[in-house]
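# Results of the structural survey
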Amino acid sequence: MNKTLQTISVVGLICFLVLLSACKKSETTEISDILDFTDDTTAAAELVTQANADLNKIKIMYKKNEDQLEELKTAMSSQDVERVKKISDDLVYILNDGMRLGENAIEKIEKAEAMNINLDFKEYLRLKQESLRKQLDAFENRRQAARLLRDGFGANDPKLIERGKLEFKEKEEIFQKTMETAREISKKANELAKESSKK
């Protein structure tokens, strides 16, 4: 067989393999998916694993944060100025660290989402990212509340203290609502993952 026939045979074989793999895909698959010769699912999954490691650190911080929040409420009711200042200051730093970890996790999820992966996996990552952003919004409210308390009790000004308490309560309500929205979005993502695994 001469070189021209060999080249035609190789090209024909490649075309046949592409068509064969295209036939095995579902009817809803886009043409761009059929023509891609690479799939980044493994690399995307590794990024998601790294993002989950960041999120696990945040969960630990969140539990610690919840314990400190109860201490803070107790210190506020007993008007323990020094204790409120100390706890709220600690909370600000913990929340700053958590926000950084959350941003890192989002960055990794965005990179994974931009890769050549299954459309269901992309949608799952989009929902997880949306959920995580909501959680960060919630924690930003809590961080602002902690700063207000720290500054109000730090100045030892009764008006600032009362304003700090009131805003703390309002921001905690926003925190709870935003976290609930984040949980609902995360639940949708998990349901999508379950449905996709059945396909």
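Presented here is an overview of the structure given in this document. (Residues numbered from 1 in each chain as written. Predicted model: local features only at pLDDT ≥ 70, side-chain atom pairs only at ≥ 80, totals over all residues. Heavy atoms only, no water.)

Glancing now at the pattern of salt bridges. Inspection of the entire model under this criterion finds 17 salt bridges. The residue arginine 142 makes a salt bridge to glutamate 172 at a minimum N-O spacing of 2.8 Å. Here glutamate 172 lies in helix 6 (residues 158-198) and arginine 142 lies in helix 5 (residues 119-155), a separation of 30 residues in the sequence. Both residues of the pair, arginine 142 and glutamate 172, belong to the buried class. Glutamate 162 is paired through a salt bridge with lysine 165; the nearest N and O atoms lie 3.7 Å apart. Taken together, the residues glutamate 162 and lysine 165, both in helix 6 and three residues apart, mark about one turn of the helix. According to the relative accessible area criterion, glutamate 162 is partly exposed, its value standing at 47%. Here the residues in one salt-bridge network are Glu66, Arg142 and Glu172, joined through shared partners. (Salt bridge = Lys/Arg side-chain N within 4 Å of Asp/Glu carboxyl O. Helix = DSSP H or I, 4+ residues; strand = E, 2+ residues; numbered from the N terminus. Buried < 20%, exposed > 50% of the residue type's maximum accessible area, 1.4 Å probe, protein only.)

What follows deals with the nonpolar core. A general feature of soluble globular proteins is that nonpolar side chains tend to end up buried together. Core analysis: the biggest nonpolar cluster contains 19 residues, and Ala112, Phe121, Leu125 and Phe139 have the highest contact counts within it. Of all the secondary structure elements, the ones that give two or more residues to this core are helix 3 (41-77), helix 4 (81-113), helix 5 and helix 6. Contact partners of phenylalanine 121, with chain neighbours within four places excluded, come to Thr41, Ala44, Ala45 and Val48. Within the second largest apolar cluster, 15 residues are counted, among which are Met76, Val84, Val92 and Ala145. (Core = buried A, V, L, I, M, F, W, Y, C linked by side-chain atoms within 4.5 Å. Contact = heavy atoms within 4.5 Å.)

Over its 37 residues, helix 3 runs 52 Å from end to end, which matches the ideal 54 Å to within 8%, given 1.5 Å per residue. Following helix 3 by one or two positions, glutamine 79 has its phi on the positive side, about 55°. (Expected span 1.5 Å × (residues − 1).)

The next thing to look at is the side chain of arginine 142. Under the relative-accessibility criterion, arginine 142 is labelled buried at 1%. Not counting chain neighbours up to four residues away, the residues in contact with arginine 142 comprise Tyr62, Asn65, Glu66, Leu69, Leu95, Glu172, Phe175 and Gln176.

Here we take up the environment of aspartate 39. Here aspartate 39 is to be found in the loop between helix 2 (31-35) and helix 3. Here aspartate 39 falls in the exposed class, since its relative accessible area comes to 54%. Distance from aspartate 39 to asparagine 118, taken between C-alpha atoms, is 8.4 Å for residues 79 residues apart in sequence. Setting aside anything within four residues of it in sequence, one finds aspartate 39 in contact with Asn116 and Ile117.

Two elements in contact, helix 4 and helix 5, have axes separated by 8 Å at closest approach and are oriented at 160°. On the basis of their axis angle, the class for helix 4 and helix 5 is roughly antiparallel. In this structure, the crossing between helix 4 and helix 5 has a hand that is left-handed. Broken down by class, the residue content of the contact of helix 4 with helix 5 amounts to 17 nonpolar, six polar and 13 charged. (Axes fitted to C-alpha atoms, helices over the stretch in contact; angles between N-to-C directions. Parallel < 35°, antiparallel > 145°, perpendicular 65-115°, else oblique. Left-handed = near helix turned anticlockwise from the far one by under 90°. Nonpolar A, V, L, I, M, F, W, Y, C, P; charged D, E, K, R; others polar.)

Everything listed here is a matter of geometry and, on its own, says nothing about what the molecule does.
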